[in-house]
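# Structural overview for review
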Amino acid sequence: MAGCFIAFEGPEGAGKSTQIQHLTRRLKAAGIAPIVSREPGGTPAGNAIREVILDPQLTMTPLTEFLLYSASRAEHVHELITPALEANKVVISDRFAGASIAYQGYGRGVPLSFITDLTTDISKHMPDITVLLDIDVELGLSRIAKRGQLDRLEQADLSFHKQVRQGFLTQAKNNPSWLIFDANQTEDELSDKLYDALYPRICAKLEL
């Protein structure tokens, strides 16, 4: 597959959205205009599904939760990610399949084999690079508490979020395409380290 596909992952409050903004700005300054998206979301259908998944007033089984994420991902891959990669673009997604393994697999207990099989059917290509912004769970949750009302996943208990973090760390340990960054450092320090690590990899993938 042409192009370069980057996913950002991490526990709640790790600063993914902020660092994606910094990386996007710096890539544009270097002459690379990435397409930035998110999961759940990225398409009209995906955005509608996002409202359901994150609604704090709703309850649902872990399987229902995962299947809703998968439905959003199927649209995301079909409508946005695949066409962009085929056009040799850089795609940056705020979460992708790694989040399902961490949240619905390690966190909710949905069988990992089921998650992997369905995800593989949905998307034949995984991210070229997955950026894991790792942060202490308590610190991350204290950050998001300052934003106001929490969504349905953010409201889950501490043990759930600790299992999610372990799910991310286990994936990163077992997959060389994952890069781990300490999200406890300052915003500017982290931005510099991310750009220094990602820019040469992006250039190599795009053959620039």
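Described below are features of the structure shown in this document. (Residues numbered from 1 in each chain as written. Predicted model: local features only at pLDDT ≥ 70, side-chain atom pairs only at ≥ 80, totals over all residues. Heavy atoms only, no water.)

This part covers unusual backbone geometry. In this structure, Pro-40 follows Glu-39 across a cis peptide bond, with omega equal to -10°. Within the chain, Arg-95 stands out as a residue other than glycine whose phi angle is a positive 85°. By secondary structure assignment, the location of Arg-95 is in the loop between strand 3 (90–94) and helix 4 (97–107). Phi at Glu-207 is positive, roughly 60°, even though this residue is not glycine. Assignment of secondary structure puts Glu-207 in the segment after helix 8 (187–206). (Helix = DSSP H or I, 4+ residues; strand = E, 2+ residues; numbered from the N terminus.)

Here we come to the side chain of Arg-95. The class for Arg-95 is buried, based on a relative accessible area of 10%. In terms of polar contacts, Arg-95 uses its side chain to reach the backbone carbonyl oxygen of Gly-10, at 2.8 Å. Residues in contact with Arg-95, not counting those within four places in the same chain, are Phe-8, Glu-9, Gly-10, Pro-11, Glu-12, Lys-16, Glu-39, Tyr-103 and Phe-168. (Buried < 20%, exposed > 50% of the residue type's maximum accessible area, 1.4 Å probe, protein only. Polar contact = N/O pair within 3.5 Å; in protein donor to acceptor, adjacent residues only side chain to side chain. Contact = heavy atoms within 4.5 Å.)

Within the largest apolar cluster, 24 residues are counted, with the highest numbers of intra-cluster contacts made by Ile-6, Phe-8, Val-131, Leu-133, Leu-198 and Ile-202. Listed by contribution, the elements that provide at least two residues to this core are strand 1 (4–9), helix 1 (16–29), strand 3, strand 4 (129–134), strand 5 (178–182) and helix 8. By residue number, the principal contributor to this core is helix 8, which donates seven residues. Core analysis: the next-biggest nonpolar cluster, separate from the first, contains 15 residues, Tyr-69, Tyr-103, Leu-153 and Phe-168 among them. (Core = buried A, V, L, I, M, F, W, Y, C linked by side-chain atoms within 4.5 Å.)

Bringing helix 7 (residues 158–174) into the picture now. Here helix 7 spans 25 Å end to end across 17 residues, near enough to the 24 Å set by a 1.5 Å rise per residue. Residues of helix 7 that are buried: Phe-160, His-161, Val-164, Gly-167, Phe-168, Thr-170, Gln-171 and Ala-172. In this fold, the buried residues of helix 7 make contact with strand 1, helix 4, strand 4, helix 6 (137–145) and strand 5. (Expected span 1.5 Å × (residues − 1).)

On to a nonpolar patch on the surface. Judged by side-chain polarity, Leu-63, Leu-67 and Phe-114 come together as a nonpolar surface patch covering roughly 250 Å² of accessible area. On the secondary structure map, Leu-67 appears in helix 3 (residues 62–86). (Patch = residues over 30% accessible without salt bridge, like charges linked within 9 Å, V, L, I, M, F, W, Y side chains within 5 Å. Areas by Shrake-Rupley, 256 points an atom, 1.4 Å probe, with all protein chains shown as cover. Salt bridge = Lys/Arg side-chain N within 4 Å of Asp/Glu carboxyl O.)

Inspection of every chain in the model, using the stated rule, returns 10 salt bridges. The shortest N-O distance in the salt bridge between Glu-65 and Arg-108 comes to 3.1 Å. In this pair, Glu-65 sits in helix 3 while Arg-108 sits in the loop between helix 4 and helix 5 (112–122), placing the two residues 43 residues apart along the sequence. Accessibility expressed as a relative area gives 26% for Arg-108, which makes it partly exposed. We note a salt bridge from Lys-205 to Asp-128, for which the minimum N-O separation is 3.9 Å. Placement of Lys-205 in helix 8 and of Asp-128 in the loop between helix 5 and strand 4 is noted, with a sequence separation of 77 residues between them. By relative accessible area, Asp-128 is classed as partly exposed at 31%.

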